[in-house]
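Fold and geometry: a report
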Amino acid sequence: FALNKKHPEPRMFTYHEKLKSSYDVVIIGAGGHGLAAAYYLARDHGITNVCVLEKGYIGGGNTGRNTTIIRSNYLTPEGVKFYDESVKLWQDLSTDFDLNLFYANRGHFTLAHTDSALRTMRWRAEVNKHYGVNSEVVGPEVVKEAAPMIDLSCAGHSPILGALYHAPGSVARHDAVAWGYGRGADQRGVEIHQQTEVLGIDVQGGKVKGVKTSRGYIATNKVLCAVAGSTPRILKMVDVKTPLYIHPLQAMVSEPVKPWLDPILVSGSLHVYISQSARGELVMGASLDPYELHGTRSTLDFVEGLSTHMLEMFPFLSNVKVMRQWAGMADMTPDFAPIMGMTPVEGFYLDSGWGTWGFKATPVCGKTMSHTVVNDAPHPLITGFSLDRFRNFALTGEKGAASVGH
Ligand code: FAD
Ligand code: PYC
């Protein structure tokens, strides 16, 4: 047996035996957001003395647990502009990384079963069009044309009156996104340390001085926290208060079946959504669990409720088997918009409040947070998402566009 000496470089990531004693920037969390920030810090700003610390493995948090829906049909001007920028970045990522992300443009329907839901769809469509985003309200016949297997009456009790149709709606392979950003950052000199937990943050005189980890102390003046469902634990270390609360969000997939569903469908009233993956699995989810819990337990109650409503829309699925179910910890905000940018602690930057909606934002978060860390000022696209908004009563209300029931 002979090793292939032509390719001595690692296939994906370099293993670093030791942490350095200091870095220019320390990023906590090797999910999509932390790795994207590392990637753009290196690629766009030339800052490579950076480490990403991950207590588990790359993409093992919500990045590897989500249902991969990408869209920009939000409700507020701040949201629409921000997510639209992300959708544009998504379209080039596979080429950028030289890695197939299975990015698939499918079209996205948010089904309306009541007059009041239709009114919100019209509102969203108008805001979207105003900012150049392709969304429009359509009748039930368009839904039937796009998904012929659907029962438009939903078992007779929740007839579909129309939908918000968003042509750019897409799906992608979620863990490949983390790998692509991670590999791109690694190739540019960023160090990724898995199995390395942040245990404390050294703050002196209101400024970040270093980070205590399970593998030793690191000196640094800049820390970016991108840990989604673990954000409250990190915030305790710097004594910063936010209105974040953690709820489980569950999902499940079926056994693979032949392709029959092109678009992504979300039902507001039935509180379920579905798409079909490149492998043929039906990827399905429901509402947030109604209790606060810092855990990733998945429940029978969830599978039963979701299956019941799914069969109301698609009765022919009654013999299709459920293969896997799981949960992630969603870091929810009161207004369903993220919390991004600077904090009262100098050198501590926050990328959080991603709740049930942050996968689609991965590229734009990397772009805007790297800019914010480098310039010590929030990127213009994230000023509506500052922590201050809760003190100033200037919320960015996105609940009507959250897609998942609450
Ligand atoms: P994560 O991927 O969670 O990464 C954070 C990382 O930080 C983790 O790997 C964790 O191990 C690490 N970490 C935590 N504490 C520490 C510590 N002390 N030291 C070191 N490392 C630490 N969004 C959408 O846009 N579309 C969807 O369809 C969608 N569906 C979803 C479905 C489900 C079931 C769930 C749970 C979420 C869904 N989301 C969706 C939301 C989306 O998954 C998240 O908002 C997004 O993945 C957050 O990415 P992240 O990189 O910020 O966090
Ligand atoms: O943000 O589109 C979304 C979404 C769908 C399911 C979970 N999040």
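The following paragraphs examine the structure supplied in this document.

Cut-offs applied
- Residues numbered from 1 in each chain as written.
- Chains lettered and ligands numbered in written order.
- Predicted model: local features only at pLDDT ≥ 70, side-chain atom pairs only at ≥ 80, totals over all residues.
- Heavy atoms only, no water.
- Pairing = 2+ DSSP bridges.
- Helix = DSSP H or I, 4+ residues; strand = E, 2+ residues; numbered from the N terminus.
- Expected span 1.5 Å × (residues − 1).
- Buried < 20%, exposed > 50% of the residue type's maximum accessible area, 1.4 Å probe, protein only.
- Contact = heavy atoms within 4.5 Å.
- Phe/Tyr/Trp six-rings, centres within 6.5 Å; stacked < 30°, edge-to-face > 60°.

Our next topic: the sheet that holds strand β8 (residues 170–171). A sheet is described by the order of its strands in space; here three strands give the open sequence β3-β8-β4, paired in antiparallel fashion. Of all the strands in the sheet, the pair left with one neighbour each is β3 (69–70) and β4 (104–105). Of the strand pairs in this sheet, β4 and β8 are connected by two bridges, and their pairing is antiparallel. Its bridge partner being in β8, Ala104 is matched across the sheet by Val171.

This next bit is on helix α3 (residues 115–130). Between its first and last C-alpha atoms α3 spans 23 Å; for 16 residues at 1.5 Å apiece the expected length is 22 Å, and the two agree. For α3, the set of buried residues is Ala117, Leu118, Met121, Arg124, Ala125, Val127 and Asn128. At the exit of α3 stands Gly132, carrying a positive phi of roughly 80°.

Moving on: the environment of Gly162. Note that Gly162 resides in strand β7 (residues 162–166). C-alpha of Gly162 to C-alpha of Val373: the two residues are 211 residues apart in sequence and 44 Å apart in space. When sequence neighbours within four positions are dropped, the list of residues in contact with Gly162 reads Thr110, Leu111, Ala112, Leu118, Val138, Gly139 and Pro140.

By the definition in use, this model includes 16 aromatic pairs. Seen in terms of ring centroids, Phe109 and Tyr165 are 4.6 Å apart; in terms of plane orientation they differ by 35°. Their pairing is tilted. Placement of Phe109 in strand β5 (residues 108–112) and of Tyr165 in strand β7 is noted, with a sequence separation of 56 residues between them. Three or more aromatic residues joined by ring pairs form one cluster here, namely Tyr74, Phe82, Tyr83, Trp354 and Phe385.

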